[in-house]
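Chain residues, written in single-letter form:
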Amino acid sequence: MRITVRKAIEKAYKELNDREGWGEADPGAFDVSPPREEKFGDFSTNLAMILAARLKKKPRDLAEKLAAAFLDDDLFESVEVAGPGFMNFRLKPVHWARELSRVSGEADSFGRTDLGQGEKVMVEFVSANPTGPLHIGHGRGAAVGDALASILAWAGYDVTREYYTNDVGLQMDNLGRSTLMRAREAAGNPMEEEPPYRGEYMKDVARAFIEKYGPEILSAPDDEALTAARRFASESIMEGIRKDLADFNVRFDVWYSEKTLHDSGSVDSLIGLLLEKGLIYEQEGALWLKTGEQGDEKDRVVRRANGVTTYLAADIAYHKTKLDREFSTLVNIWGADHHGYVPRMKAVISALGGDPEKLVVRLVQLVSLKKGGQSYAMSTREGVFTTLRQIIDEVGTDAVRYFFLMRSSDSQMEFDVDLAKSQSSENPVYYVQYAHARCCSIFRQADEKGVAEPRFEEVDLSLLTGRDELRLIRKLLQLPEVVELAARSFQPHHITGYLYEVAGLFHFFYKHNRVVSEDSALTASRMALIRALQITLKNGLEILGINAPEKM
RNA sequence: GCGCCCGUAGCUCAGUUGGAUAGAGUAUCAGAUUGCGGAUCUGGGGGUCGCAGGUUCGAAUCCUGCCGGGCGCACCA
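Counting starts from 1 at the beginning of each chain's written sequence and moves along it residue by residue. Chains carry letters and ligands carry numbers; both start at the beginning, A for chains and 1 for ligands, and go up in the order they are written. Reporting of local features is limited, given that this is a predicted model, to residues whose pLDDT is at least 70; pairs of side-chain atoms are given and counted only at 80 or more, and all residues count toward the totals for whole chains, interfaces and linings. Calculation of side-chain values draws on the structure's entire complement of heavy atoms; hydrogens and water are dropped beforehand.

This part takes up the overall build of chain A. Helix and strand counts for chain A stand at 20 helices and 15 strands. Each principal axis of the C-alpha distribution contributes one length, and for chain A these read about 90 × 65 × 40 Å. Only protein chains enter the accessibility calculation, which uses a 1.4 Å probe. A residue is then buried if its area is under 20% of the maximum for its type, exposed if over 50%, and partly exposed in between. The buried share of chain A, taken over its 552 residues, is 51%. Contacts in chain A between residues at least 24 apart in sequence constitute 70% of all its contacts with a sequence separation of at least 6. The Shrake-Rupley method, run with a 1.4 Å probe sphere, supplies the accessible areas, and residue values consider only the shown protein chains as cover. A total of about 26,000 Å² of accessible surface is found on chain A, and carbon and sulfur atoms cover 47% of it. When charges are counted, Lys and Arg are positive and Asp and Glu negative, with His and the chain ends excluded. Think of each charge as sitting on NZ of Lys, CZ of Arg, CG of Asp or CD of Glu. Positive and negative side-chain charges of chain A, numbering 70 and 84 respectively, have mean locations separated by a distance of 3 Å. Secondary structure elements are defined from DSSP: runs of H or I of at least 4 residues count as helices, runs of E of at least 2 residues count as strands, and each element is numbered from the N terminus. Should any heavy atoms of two residues lie within 4.5 Å, those residues are considered in contact.

Next up, the structure:
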């Protein structure tokens, strides 16, 4: 609808331009958007004010001239000039109502756009090390990454969701040692020192380890025992992570193992290649990548003096595979504490011959918890949720996802556990889900009364001209542009906020208007509206990975 | 010291990328239903958009400098 209006404005401008001889065929970058105040109309444009600067004329005069061009236009009910030179357009209501046919026609795909034109995009997220269960911070990253991937897919991109597993290196050795120490402790040999990973979960891992290998593994040679412990622990923890994510309704297409990069030799060969190109040099026995020239604070070590490659070395090889897989955009979702890594990775992309602009890093800020009126930083405290598992068990996947997606990921957020748990009107998740359930309930009621849902072509759309109806229609037709906004800004919270507004308008409409009534023509047209609304809510929730229940 | 994010109502946060009189929820106070789900709806009070400059027709939004909070500045990952 917005596009239709824009085209009408452009047409009017061109005609006026020819007639007045301004010699400016291009109207420039003007804005067409719904005004904040409903009384101003359906859309407004700042075209006249943009032109005023260029043409050195008064904005209001220009606006008057432009407005006159719409006098006998069938699209608009009114075109007015207001304020410093805004033009406000009000469409004939029937044009709005007709748009509803698009919603019911597109049904499950309403909201999809072709913004991305099928371009390949990777979204890499979570990528937590398999050294312990996911915590709440990972959960926020998981929700944001998953929703963002879904948003981009709805916006017409060809999306790959990927989890990069750091399943090799020092931390894996530490994990193996911790497992072995806990296992020996369980077998009656007290530990002489704290294990590298101290979490309680390591005791469970150790017990399962003994169960699988038998107690004799504990007396095996250190090398053998350690190798077994390392592999068992990482696999078992990874399995737990996969299960947590699955229960959190988060899906991945590819699980990419760091180990395979080393095993295939691509880390070493890439270092060799960059050495030849002069992008890596040797100093004090170590190999350094010249990231300093590319905006990083300084150059970075890729191979230590002791011959062991760093994490960065593997990350170079990993991002090389992303470039080789020909993604046009590489989205990485990281915790905010990794922000120092951004210029480094951009430099890496440059060194690999890629365009650093391709790399889009979304930093997700920290989560703190509020429970029983008290705030907790995300440190480990007794009685406070720390793992993703705990919070989804306690609060439920839908509510946790909604809460994580409700706020801009740029802001630190406080997770109100009591609010998320409450099954009341204060809880925004239920507010939205309830709106959907209500729509479904209306259809159930109609069915019981023997009122069949009308076919769209049979509906008299000219009946949908009430204020409440038009508000609702205008809002629900915005889903595609909200999806695009969320895709362009890489911010899922636009959708959450939008759905809340849609739900609010519906609850208001529902309170003041009856859908199924004695008036069969009106009933039919309103049922068509409610169907379009139900589709909008369902698709919006679907994008966010949140259930749209038919009953609650 | 350098860098990134944040600072908007008592609290938690939006603000369509520079537009018109700055908005929700919550808390608080006062109300609404003999019909489709009260998990709903209506109204009131509540603001120096951290501070100070600048850019222009127009700034919560862009630029500069301060102040405050968080997080980073490894031959860890």
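Of all residues in chain A, 98% have pLDDT values of 70 or greater, and the mean over the chain is 91. In the model of chain A, strand E14 (residues 374-376) stands out as the element of lowest mean pLDDT, 74, in contrast to strand E6 (residues 158-165), which has the highest, 98. Scored as a whole, the predicted complex attains pTM 0.94, and scored at its interfaces, ipTM 0.95. A residue's pLDDT is the confidence the predictor assigns to it, expressed on a 0 to 100 scale.

In this section: the pattern of salt bridges. Here, a salt bridge means any Lys or Arg side-chain nitrogen found within 4 Å of an Asp or Glu carboxyl oxygen. Applying the stated criterion to the full structure yields 38 salt bridges. Lys538 is the salt-bridge partner of Asp108, the closest N and O atoms lying 3.9 Å from each other. Here the residue Asp108 occupies a position in the loop between helix H4 (93-106) and strand E5 (120-124), and Lys538 occupies one in helix H20 (residues 520-544), the gap between them amounting to 430 residues. A relative accessible area of 56% means that Asp108 is categorised as exposed. Here Asp146 ties to Arg161 by a salt bridge, and the two come within 2.4 Å at their closest N and O atoms. Residue Asp146 is found in helix H5 (residues 136-154), and its partner Arg161 is found in strand E6; the two are separated by 15 residues along the sequence. Judged by its relative accessible area of 7%, Arg161 is buried.

As a further point, take the packing of helix H16 (residues 428-448) against helix H19 (residues 493-512). With axes taken as lines fitted to C-alpha atoms, and helix axes fitted only over the stretch in contact, angles between N-to-C directions fall between 0 and 180 degrees. Packing of H16 against H19 leaves a shortest axis separation of 9 Å and a crossing angle of 50 degrees. Judged by the inter-axis angle, H16 sits oblique to H19. Read as a crossing pair, H16 and H19 show a hand that is left-handed. Only Leu499, Tyr500, Ala503, Gly504, Phe506, His507 and Tyr510 of H19 make contact with H16, whose side of the interface consists of Pro428, Tyr431, Val432, Tyr434, Ala435, Arg438, Cys439 and Ile442. Between 65 and 115 degrees an angle is taken as roughly perpendicular, under 35 as roughly parallel, over 145 as roughly antiparallel, and anywhere else as oblique. Take the far helix as your reference; a near helix turned counterclockwise from it by less than a right angle gives a left-handed crossing, and one turned clockwise gives a right-handed crossing.

Once that is clear, we can look at the pairing of strand E8 (residues 280-283). Here E8 runs beside strand E9 (residues 286-289); their pairing, made up of four bridges, is antiparallel. Residue pairing in the sheet places Glu282 in a bridge with Leu287 of E9. Between E8 and E9, which pair antiparallel and follow one another directly, the connecting turn spans two residues, one of which, Glu284, has a positive phi of 50 degrees. Following DSSP output, two strands are said to pair if at least two bridges run between them.

Now for unusual backbone geometry. Positioned with a positive phi, Ala107 is a non-glycine residue whose angle comes to about 45 degrees. Among the secondary structure elements, Ala107 is positioned in the loop between H4 and E5. Of note in the backbone geometry, Ser127 takes a positive phi value of approximately 45 degrees without being a glycine. Counting through the fold element by element, Ser127 comes out in the loop between E5 and H5.

If you trace the three strands from one edge of the open sheet to the other, you get E14-E13-E15, paired in mixed fashion. Since the sheet does not close on itself, it has two edges, and those belong to E14 and strand E15 (413-416), each with one partner. The mean inter-strand angle of the sheet, taken between neighbouring strand axes irrespective of direction, is 30 degrees. Sheet contacts for helix H14 (residues 397-406): strand E13 (367-371) and E15; angle to E15, the most-contacted strand, approximately 155 degrees.

Another point: the nonpolar core. Core analysis: the biggest nonpolar cluster contains 143 residues, and Ile391, Phe415 and Leu476 have the highest contact counts within it. Take this core: its biggest share by element is 12 residues, from H20. Discounting chain neighbours no more than four positions away, the residues touching Leu476 are Leu100, Val103, Phe110, Tyr498, Leu529, Ala532, Leu533 and Thr536. Nine residue types can take part in a nonpolar core, namely buried Ala, Val, Leu, Ile, Met, Phe, Trp, Tyr and Cys, and a core is a set of them joined through side-chain atoms within 4.5 Å. Residues Leu261, Leu270, Leu274 and Leu352 belong to the second largest nonpolar core, which totals 32 residues.

A word on the packing of H4 against helix H17 (residues 467-476). Remark: H4 packs on H17, axes separated minimally by 10 Å, with the N-to-C direction vectors making an angle of 50 degrees. As the angle between them shows, H4 and H17 are arranged oblique. Both H4 and H17 take part in a crossing whose hand is left-handed. Across from Pro93, Trp96, Ala97, Leu100 and Val103 in H4, the residues of H17 making contact are Leu470, Ile473, Arg474 and Leu476.

Bringing the sheet that holds strand E10 (residues 300-303) into the picture now. Taking strand neighbours across the sheet as the criterion, the three strands line up as E8-E9-E10 in an open arrangement whose pairing is antiparallel. Edge strands, defined here as strands with exactly one partner in the open sheet, are E8 and E10. Strand-to-strand twist in this sheet, taken as the mean axis angle between neighbours without regard to direction, amounts to 45 degrees. Judged from the three bridges that link them, E9 and E10 form a sheet pairing that is antiparallel. Each residue of the ladder has a partner; that of Leu289, found in E10, is Arg300. Docked against the sheet, helix H11 (residues 311-324) engages E9 and E10, running at close to 85 degrees with respect to E10.

Looking now at the environment of Ile151. As for its placement among the helices and strands, Ile151 is situated in helix H5. Residue classification places Ile151 among the buried residues on the basis of a relative accessible area of 0%. Placed 392 residues apart in sequence, Ile151 and Ile543 show a C-alpha to C-alpha distance of 6.1 Å. Residue contacts for Ile151: discarding those within four places in its chain leaves Val483, Ala486, Ala487, Pro492, Ile495 and Ile543.

Another point: the environment of Ser525. Mapped onto the fold, Ser525 is located in helix H20. Through-space distance from the C-alpha of Ser525 to that of Ala68 is 34 Å; in sequence the pair is 457 residues apart. Among residues more than four places away in sequence, those in contact with Ser525 are Val459, Asp460, Leu463 and Leu464.

What a helix should span is 1.5 Å times the count of its residues minus one. Between the first and last C-alpha of helix H7 (residues 201-213) there are 19 Å, a value that for 13 residues agrees with the 18 Å anticipated at 1.5 Å per step. If you check which residues of H7 are buried, you get Met202, Val205, Ala206, Phe209 and Ile210. For H7, the arc enclosing every buried residue in end-on projection is 135 degrees, short of the 170-degree limit, so these residues lie on one face. For H7, exposure combined with an orientation more than 90 degrees from the buried face picks out Glu211 and Lys212. Elements that come into contact with the buried residues of H7 comprise helix H6 (170-186) and helix H8 (222-247). Of the residues one or two after H7, Gly214 is the one with positive phi, at around 80 degrees. Arc, as used here, means the arc of the directions from the helix axis to the C-beta atoms.

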